[in-house]
Amino acid sequence: MKQVHFGLIYLILLGVSCKNNDNTDSSTGILDQPKDSAHACMQVPQRFGMSADSSIAFGGDTSYRNMVLIPAGSFDMGGDNDQADKDEYPKHKVTVDSFYMDITEVTNAQFAAFVKATGYITTAERKPNWEEIKKTLPPGTPKPADSLLVAASLVFKQTNGPVNLNDYSQWWSWVEGANWRKPQGPGSSIKGKDDFPVVHVSWDDAMAYCKWAGKRLPTEAEWEYAARGGRINQIYPWGNQAVNQGVPKTNSWEGNFPYYNEQKDGFLKYAPVMSFTCNGFGLFDMAGNVWEWCSDWYHAEYYKTLANKNSVNPKGPEKSFDSQDPYTPKRVLRGGSFLCNDAYCSGYRVARRMKSSPDTGLEHTGFRCVKDIR
Ligand SMILES: [Ca+2]
Ligand SMILES: [Ca+2]
């Protein structure tokens, strides 16, 4: 399989797909799982190249409302089963100080309060800046048509049947006018969805919210430690029981991605926060529902630099490197989304690492915040 390196948005803008990567078994018509399934699930690099608005001032409250204290401790960070990707190894010792963490993903109501107070305009609501985008693409990459360089975001579209799982454009659509207020584009809304996670949020948007709220994004180490909920070397926030066994434990994609969803968990797309049982630290939806931004740069080899030592409050590498897409700096995302399943990215595993450029938001991407103890 030839991996596509420079991103879903760009591919969709140009109408390019992985046509040379057809992995359909011609004798059966059945699609193989992509060899790099995790990345196929989420690899969505560059967008608009803008940074958080420096004019944002603190406007939140000083309490720890809707947060829980995560006790200080040590753990072994990294993959716990054979679904783990190379970037999850080696497992290494990490110690983190105690901190407070939002018990849920940031909701539409919370994000609306931030926007109302600050007038903040999210990345998806701004016209893309080609001069910025091309800095993170291979030299000589042609410019997409101006008609496509509009304020838009990527919306998930269920397909009618099996598709080539390496061709992201089969299920992601570039929809003008799609953003956190209109998650499926014009005609959609978040009315009545105050307690749903906000989506179409870029890392820059999340950072701006944190600044207003007096909080910060978790480090990748804090996020994984918190997701484990005190369990030792287990695969999910709830333990080791497979995601599709027993009662629904997370909002994921049950059935065959991206065309058939059994909805045993009750949700085709996102669910209201707190729809499933919390983990041992009292945190909801650390697995599934929407991906959550972390503060760290993503570096595929980062864990190797931490092998055989105890890292105290690691904050990630100094710069990003993704061997599959070396032109685009990326931040870490964690926890998976309503689109994850075992045949695809298994993003709900506590150790699964994902990455995207800081100016990218999608319909399955949100965040939650942490706060230091005063
Ligand atoms: Ca679901
Ligand atoms: Ca989540």
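This is a predicted model, so every value here is computed, not measured.

1. Section: the overall build of the protein chain
Per the secondary structure count, the protein chain includes six helices and 14 strands. Counting across all 374 residues of the protein chain, residues that qualify as buried make up 50%. Contacts in the protein chain between residues at least 24 apart in sequence constitute 76% of all its contacts with a sequence separation of at least 6.

2. Here we look at the confidence of the model for the protein chain
In this model, the protein chain carries a mean pLDDT of 87, and residues with pLDDT of at least 70 account for 86%. This stretch, residues 1-8, has a pLDDT under 50; its non-local contacts, to residues over four places away or in other chains, come to 28 contacts.

3. As for the sheet that holds strand β1 (residues 67-70)
Spatially, the three strands line up as an open sheet ordered β1-β4-β14, and their pairing is antiparallel. The strands lining the two open edges of the sheet, one partner per strand, are β1 and β14 (370-371). When strand β4 (residues 99-102) meets β14, the two strands line up antiparallel, connected through two bridges. Each bridged residue has a counterpart across the sheet, and for Tyr100 the counterpart in β14 is Lys371.

4. Quick look at helix α3 (residues 108-118)
Turning to α3, its buried residues are Asn108, Gln110, Phe111 and Phe114. Projection of α3 onto a plane perpendicular to its axis shows the buried side chains occupying an angular sector of 165°, all on one side. In this structure, the buried residues of α3 make contact with α5 (203-213). Gly119 occupies a position one or two residues after α3 and carries a positive phi of about 70°.

5. A look at the packing of α3 against α5
As a packed pair, α3 and α5 sit with axes 10 Å apart at the nearest point and diverge in direction by 75°. With respect to their mutual orientation, α3 and α5 come out roughly perpendicular. Contacts from Phe111, Phe114, Ala117 and Thr118 in α3 reach Tyr209, Trp212 and Ala213 in α5. When its residues are assigned to classes, the contact of α3 with α5 shows six nonpolar, one polar and no charged.

6. Describing the nonpolar core
Met101, Ala206, Tyr209, Leu217 and Ala226 are the most contacted members of the largest nonpolar core, which totals 67 residues. Setting aside anything within four residues of it in sequence, one finds Ala206 in contact with Val201, Leu217, Trp293 and Phe367.

7. What to know about the environment of Gly229
With respect to the helices, strands and loops of the structure, Gly229 is situated in the loop between α6 (220-228) and β7 (255-256). Taking C-alpha positions, Gly229 is 7.9 Å from Leu283, a pair spaced 54 residues apart along the chain.

8. Considering the sheet that holds strand β11 (residues 331-334)
Taken in spatial order, the four strands make up an open sheet running β12-β11-β9-β13, and their pairing is mixed. Two strands close off the open sheet at either side, each with one partner strand: β12 (354-356) and β13 (365-366). Bridge analysis of strand β9 (residues 291-297) against β13 gives two bridges, and the strand direction is parallel. Bridging across to β13, Glu292 finds its partner in Gly366.

9. Some thoughts on unusual backbone geometry
A negative phi holds for most residues other than glycine; trans holds for most peptide bonds. Looking along the chain, the bond that leaves Tyr89 and enters Pro90 is cis, with omega of 0°. Turning to its location among the elements, Pro90 is positioned in the loop between β2 (73-77) and β3 (92-96). For the bond from Phe257 to Pro258, the omega torsion is -5°, close enough to zero to count as cis. Note on placement: Pro258 falls in the loop between β7 and β8 (260-261). Of note in this structure, Asn233 is not a glycine but carries a positive phi near 55°. Turning to its location among the elements, Asn233 is positioned in the loop between α6 and β7.

10. Overview of α6
By the criterion of burial, α6 is predominantly enclosed, with nine of the nine residues buried. All buried positions along α6 are accounted for by Glu220, Ala221, Glu222, Trp223, Glu224, Tyr225, Ala226, Ala227 and Arg228. Immediately beyond the C-terminal end of α6, within one or two residues, lies Gly229, with a positive phi of roughly 60°.

11. Notes on the environment of Lys319
By secondary structure assignment, the location of Lys319 is in the loop between β10 (310-312) and β11. Exposure remark for Lys319: the 9 C-beta atoms within 10 Å place this residue in the exposed category. On a C-alpha basis, the gap between Lys319 and Tyr298 in space is 7.6 Å, while along the polypeptide they are 21 residues apart. In contact with Lys319, not counting residues within four places along its chain, are Trp297 and Pro329.

Analysis parameters
- Residues numbered from 1 in each chain as written.
- Chains lettered and ligands numbered in written order.
- Predicted model: local features only at pLDDT ≥ 70, side-chain atom pairs only at ≥ 80, totals over all residues.
- Helix = DSSP H or I, 4+ residues; strand = E, 2+ residues; numbered from the N terminus.
- Buried ≥ 20, exposed ≤ 12 C-beta atoms within 10 Å, placed from the backbone.
- Contact = placed C-beta atoms within 7 Å.
- pLDDT = per-residue confidence, 0-100.
- Pairing = 2+ DSSP bridges.
- Arc of directions from axis to C-beta.
- Axes fitted to C-alpha atoms, helices over the stretch in contact; angles between N-to-C directions.
- Parallel < 35°, antiparallel > 145°, perpendicular 65-115°, else oblique.
- Nonpolar A, V, L, I, M, F, W, Y, C, P; charged D, E, K, R; others polar.
- Core = buried A, V, L, I, M, F, W, Y, C linked by C-beta atoms within 7 Å.

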